[in-house]
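Fold and geometry: a report
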Amino acid sequence: MKYCSQCRAEVSYEIPEGDSRHRHICQHCDIIFYSNPRIVAGTLPVFDGQILLCRRAISPRTGYWTLPAGFMENGESTEQAALRETWEEAEAKPELGQLFSMITVPHIDQVHLFFLATLPTPSFSAGPESLEVALFHPEDIPWDEIAFPTVSETLQRFIDQRTGPHVFDIRPEQALRAGDD
């Protein structure tokens with residue numbers, strides 16, 4: 001950051017009084033610009049024992065498979081963001097369950113949240129950010145073609161927590177909560 005977005009004066013990069021981190025500061029209007037992590041919210045949609053994945057049509061990782069997810073917008077909840085992204089990428093309207101995974105990605109200043117979700121019907125299609133959308137049985141997931149480590153981790157945790165033949169019939173009380181690993 002070189003200029004203040006409020007008054008257009010040059011900004012400095014220093015530690016403000018009472019803080020412990022370098023921040024961009026406008027000495028003209030005394031605004032401190034904080035840079036905080038961005039939230040990526042998505043779903044782990046399931047229908048009849050199969051997981052819905054989207055093949056990315058956009059960068060980064062074009063052509064690789066992912067769970068439907070994207071950046072949260074101002075003015076929406078994490079749940080609303082997850083449902084919006086699922087619609088935008090997979091044109092699917094799942095029933096949202098509990099938060100399943102939260103993974104911090106400090107090297108790119110992001111936090112990834114995935115909610116369990118049930119598809120009441122196998123109704124979906126590729127949105128503008130997806131090349132294709134498909135349901136996969138856990139044993140058929142294309143692991144070498146998964147776009148992001150947080151998606152692989154979330155999928156693996158979900159598969160590992162299975163305890164019986166109806167594990168994919170998601171109910172909120174089945175969600176993995178923080179500390180349950």
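Treat the numbers as computed from the prediction; the structure is a model and nothing was measured.

Parameters at a glance
- Residues numbered from 1 in each chain as written.
- Predicted model: local features only at pLDDT ≥ 70, side-chain atom pairs only at ≥ 80, totals over all residues.
- Heavy atoms only, no water.
- Helix = DSSP H or I, 4+ residues; strand = E, 2+ residues; numbered from the N terminus.
- Buried < 20%, exposed > 50% of the residue type's maximum accessible area, 1.4 Å probe, protein only.
- Contact = heavy atoms within 4.5 Å.
- Polar contact = N/O pair within 3.5 Å; in protein donor to acceptor, adjacent residues only side chain to side chain.
- pLDDT = per-residue confidence, 0-100.
- Core = buried A, V, L, I, M, F, W, Y, C linked by side-chain atoms within 4.5 Å.
- Pairing = 2+ DSSP bridges.
- Phe/Tyr/Trp six-rings, centres within 6.5 Å; stacked < 30°, edge-to-face > 60°.
- Lys NZ or Arg CZ within 6 Å of the ring centre and 35° of its normal.
- Salt bridge = Lys/Arg side-chain N within 4 Å of Asp/Glu carboxyl O.

Another point: the environment of Thr-150. Positionally, Thr-150 belongs in helix α2 (residues 149-160). Residue classification places Thr-150 among the buried positions, given a relative accessible area of 7%. Between the alpha carbons of Thr-150 and Ser-101 there is a distance of 9.1 Å; along the sequence they are 49 residues apart. Ignoring sequence-local partners within four residues, the contact set of Thr-150 consists of Ile-103, Val-105, His-112 and Phe-114. Within polar-contact distance, the side chain of Thr-150 engages the side chain of His-112 at 2.8 Å.

Turning next to the confidence of the model for the chain. Mean pLDDT over the chain stands at 89; residues scoring 70 or higher make up 89%. This stretch, residues 163-181, has a pLDDT under 50; its non-local contacts, to residues over four places away or in other chains, come to 25 contacts.

With 19 residues, the main nonpolar core has Ile-51, Leu-53, Leu-67, Ile-141 and Leu-155 as its most contacted residues. Elements that contribute at least two residues to this core include exactly β4 (38-47), β5 (50-56), β9 (110-118), β10 (130-136) and α2. By residue number, the principal contributor to this core is α2, which donates four residues. Ignoring any residue separated from it by four or fewer positions in sequence, one finds Ile-141 in contact with Ile-51, Leu-53, Phe-136, Ile-146, Leu-155 and Ile-159. Judged by nonpolar contacts, the second largest core, of eight residues, contains Cys-54, Ala-92, Val-133 and Leu-135.

Turning next to the pairing of strand β8 (residues 95-105). As paired strands, β8 and β9 are joined by eight bridges and run antiparallel to one another. From the neighbouring strand, Thr-104 faces β9, where its bridge partner is Val-111.

On to the packing of aromatic side chains, then. The final tally for this structure, using the stated rule, is two aromatic pairs. Ring centres 5.0 Å apart and planes at 80° place the aromatic pair Trp-65 and Phe-136 in the edge-to-face group. With Trp-65 in strand β6 (residues 65-66) and Phe-136 in strand β10, this residue pair connects regions lying 71 residues apart in the sequence. For the pair Trp-65 and Phe-136, a shared accessibility class is recorded, and that class is buried. Their ring planes at 80° and their centres at 5.7 Å tell us that Phe-100 and Phe-158 sit as a pair that is edge-to-face. Here Phe-100 is found in strand β8, whereas its partner Phe-158 is found in helix α2, with 58 residues between them in sequence. There is no split in this pair, since Phe-100 and Phe-158 are both buried. Stacked on the ring of Tyr-64, the Lys or Arg Arg-61 has its end atom at 3.9 Å from the ring centre. Positioned over the ring face of Trp-87 is Lys-93, at 5.2 Å from the centre of the ring.

With that settled, the discussion passes to the sheet that holds strand β2 (residues 23-26). Read from one edge of the open sheet, three strands run β1-β2-β3, paired in antiparallel fashion. A strand with exactly one partner marks an edge of an open sheet, and here the two such strands are β1 (11-14) and β3 (32-33). As paired strands, β1 and β2 are joined by four bridges and run antiparallel to one another. Each residue of the ladder has a partner; that of Ser-12, found in β2, is Ile-25.

Let us now look at the pattern of salt bridges. In this structure the tally under the stated criterion is seven salt bridges. A salt bridge links Asp-19 to Arg-23, with the nearest nitrogen and oxygen atoms 2.9 Å apart. Given the relative accessible area of 26%, Asp-19 is considered partly exposed. Judged by its relative accessible area of 13%, Arg-23 falls in the buried class. Residue Glu-145 is joined to Arg-55 by a salt bridge in which the shortest nitrogen-to-oxygen separation is 3.4 Å.

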